Amino acid sequence: MKGPGTLIKAEDNWHTDIGAAFVGERVVFRGKDLFTELNDISWFKHFIFGITNKMFSDNEIKLMEKIWSLTMSYPDPRIWNNRIAALSASAKSTGALAIAASTACSEANVYGTNAGFLAIDFIKRAQSIVDKNKDLAKFVLNELKTNRSIPGFGRPVANSDERITPLLNEAKKLGLANGPHTQLTFEIEKILYESRYKLRMNAAGINSALIADIGFTTREQYYGIIIAFSSGILPCFIDAVSHEEGTFFPLPCSRLSYKGRGDRNW
Amino acid sequence: MQKEKITTKIWFEEEEPNNPFAAKRSYCSGYDVYGDLLGKISWSEYIYLLFKLEKPQPWQAELLEAIAIAIANPGPRDLSVRGAMNGGVGGSTAASCLMAALAPGAGKNGGAREVYQVMRLWQQCQFDLSTWQQKLSNYQDEEEVEVWPASEHSPGFDPYGASCATPVLQTLNHLATICPDGSLAYLSTHREQLEQAADCPLAMTGVIAAAFTDLELTDEQAEMLFLLLRLPGAAVHSLEQKKLGWRKYPFFGEGLTLTNDPGPASSQPITEASL
């Protein structure tokens with residue numbers, strides 16, 4: 001047994017290269033002085049540097065911003081994560097609680113962070129299949145058979161995904177639309193659409209391919225998109241909090257469809 | 001247009017005659033909550049009813065109540081309670097303090113995800129010692145790709161324990177007297193063999209998962225209930241620290257070592273001389 005030795009060594013003893021605040025003096029951020037070495041970069045570049053420890057080019061940063069702004073933050077309060085913010089507002093809760101809960105719930109399987117995480121993992125695995133000259137169609141259809149879904153393809157609520165074309169147009173303008181993962185994702189869509197499952201690519205599919213092409217690892221992409229939904233969440237809160245309390249899609253008792261046991265006494 | 005509805009087996013409401021948005025009667029799995037249950041049943045009986053949709057046997061209510069007491073307060077050194085206290089000392093909102101407890105309390109190291117993992121092990125191993133030993137001696141996450149960080153120890157066991165902690169043993173012994181012929185009893189009998197396989201002593205998560213298995217909760221119900229039942233300690237410790245203030249709360253002022261500090265020199269403004 002390992003015992004408590006590790007904890008004894010760690011007591012009051014945290015070693016890190018991420019950073020520290022020398023309060024009243026200076027701040028170190030991933031080995032750089034915040035005020036003199038990182039004072040001239042955009043917030044988004046700063047944010048991505050914090051995650052990856054890499055300085056991406058301006059065009060790569062612009063592409064990530066486009067992914068966030070065009071595909072991840074619709075200010076529609078019916079979308080499940082946004083709806084949590086609107087419900088919080090209708091209950092007259094705070095903006096921070098609303099955005100924290102909505103962001104946490106964005107780590108969802110059928111959409112959001114988890115979907116994106118699985119999508120980049122899938123496209124990277126598919127790329128390794130191609131790199132090894134293995135049968136792509138067999139890999140894709142096996143994956144579908146095993147998991148009954150393909151991350152980055154298919155979509156709840158709708159069949160097609162309106163976000164792909166505008167994002168791809170922006171990626172083309174930036175000269176970042178022709179990477180191997182991006183080309184591959186269209187090949188995969190062809191395989192899936194021509195199969196009996198008729199699946200189309202979704203935004204997580206194209207996002208993951210574009211992000212993989214600029215060198216993000218699966219984990220880095222996951223960390224990067226955790227708060228990507230916030231620019232849709234917060235407006236939903238702001239809108240709902242300006243409405244009269246409790247008026248966001250109120251439900252009368254008759255809107256419960258009860259399927260349980262009949263009346264009984266304890 | 002057909003109105004969309006919330007489908008539920010748990011809850012039914014009759015509306016007040018003068019207001020469709022106010023419930024005159026609320027029924028939980030057929031029981032009138034305010035007309036029949038209130039004043040008649042205990043909190044643990046009601047929690048059991050909510051999760052299982054059936055009235056518990058006396059031993060089931062007793063077991064659930066004992067679990068609730070055992071884990072209500074993991075104490076102020078626990079990661080989840082520390083999360084809540086950080087909210088308290090900073091003067092954060094009450095909900096954010098509980099959310100701050102839920103985030104670390106959800107994890108695979110002592111948290112609800114660990115309980116979920118042990119529930120999965122009970123489903124897979126049941127009362128087969130060799131399967132338990134094989135799984136625990138080389139624990140593998142079920143999902144290779146998931147948002148959760150990879151497991152670093154066999155779930156249900158304390159990676160830094162020297163021996164099974166007394167409160168863990170006391171809890172196991174007590175719970176096993178309430179349910180003497182299920183997973184708790186099996187764990188009690190085979191604890192040392194399982195600890196050898198895991199190369200760690202039994203942890204509270206392992207005891208509670210066995211108890212939840214005896215209550216026939218699903219893995220997801222167990223995960224949720226573990227999160228819920230540990231919140232009282234987080235609540236009171238965050239309130240206490242809020243009152244005491246940040247000056248009396250550890251900041252670990254001398255505890256951090258920056259391994260790549262460029263030093264104060266680089267924070268000097270860039271001057272002509274330095275160019």
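Scroll up for the structure.
Residues numbered from 1 in each chain as written. Chains lettered and ligands numbered in written order. Predicted model: local features only at pLDDT ≥ 70, side-chain atom pairs only at ≥ 80, totals over all residues. Heavy atoms only, no water.

Novice: Where do I start with the side chain of Ser154 of chain B in this structure?
Specialist: Residues and elements named next belong to chain B. Of note, Ser154 is situated in the loop between helix H7 (129–137) and helix H8 (166–178). The class of Ser154 is buried, set by a relative accessible area of 7%. Not counting the four nearest positions on each side in its chain, Ser154 is found in contact with Glu114, Leu136, Tyr139 and Ala198. (Helix = DSSP H or I, 4+ residues; strand = E, 2+ residues; numbered from the N terminus. Buried < 20%, exposed > 50% of the residue type's maximum accessible area, 1.4 Å probe, protein only. Contact = heavy atoms within 4.5 Å.)

Novice: When you look at the interface of chain B and chain A in this model, what are you seeing that I'm missing?
Specialist: Where the parts come together, the accessible area they lose is often given as the size of the interface. Taken together, the contact between chain B and chain A spans 63 residues of the former and 52 residues of the latter. Buried surface at the junction of chain B and chain A, summed over both partners, amounts to about 4,800 Å²; 61% is from carbon and sulfur atoms. Of all residues in chain B, Val145, Val147 and Tyr160 of chain B bury the most surface against chain A, accounting for 15% of the area lost on that side. Across the pair Asp261 of chain B and Arg26 of chain A runs a salt bridge, and its minimum N-O distance is 2.9 Å. For the pair chain B and chain A, the number of links is 25 residue pairs in polar contact (both at pLDDT 80 or more). Of all elements in the fold, only strand E1 (6–8), strand E2 (11–16), strand E3 (19–28), helix H1 (33–37), helix H2 (43–52), helix H5 (94–105) and strand E5 (256–258) of chain B reach the threshold of two or more residues within the side of chain B that touches chain A. Examined bridge by bridge, strand E5 (residues 256–258) of chain A and E1 of chain B share three bridges and lie parallel to one another. Looking at E1 of chain B, one finds that Leu256 of chain A is bridged to Ile6 of chain B. (Buried area = accessible area lost by both parts, 1.4 Å probe. Salt bridge = Lys/Arg side-chain N within 4 Å of Asp/Glu carboxyl O. Polar contact = N/O pair within 3.5 Å; in protein donor to acceptor, adjacent residues only side chain to side chain. Pairing = 2+ DSSP bridges.)

Novice: In this structure, what is going on with the pairing of E2 of chain B? I would like to understand it.
Specialist: On a regular strand, one side chain projects to one face of the sheet and the next to the other, so that they alternate. Residue and element names in this part refer to chain B. For E2 and E3, the ladder comprises six bridges, and the chain directions are antiparallel. Across the sheet, the residue bridging to Glu14 is Arg25, located in E3. If you look at the hairpin formed by E2 and E3, you'll find two residues sitting between the two strands.

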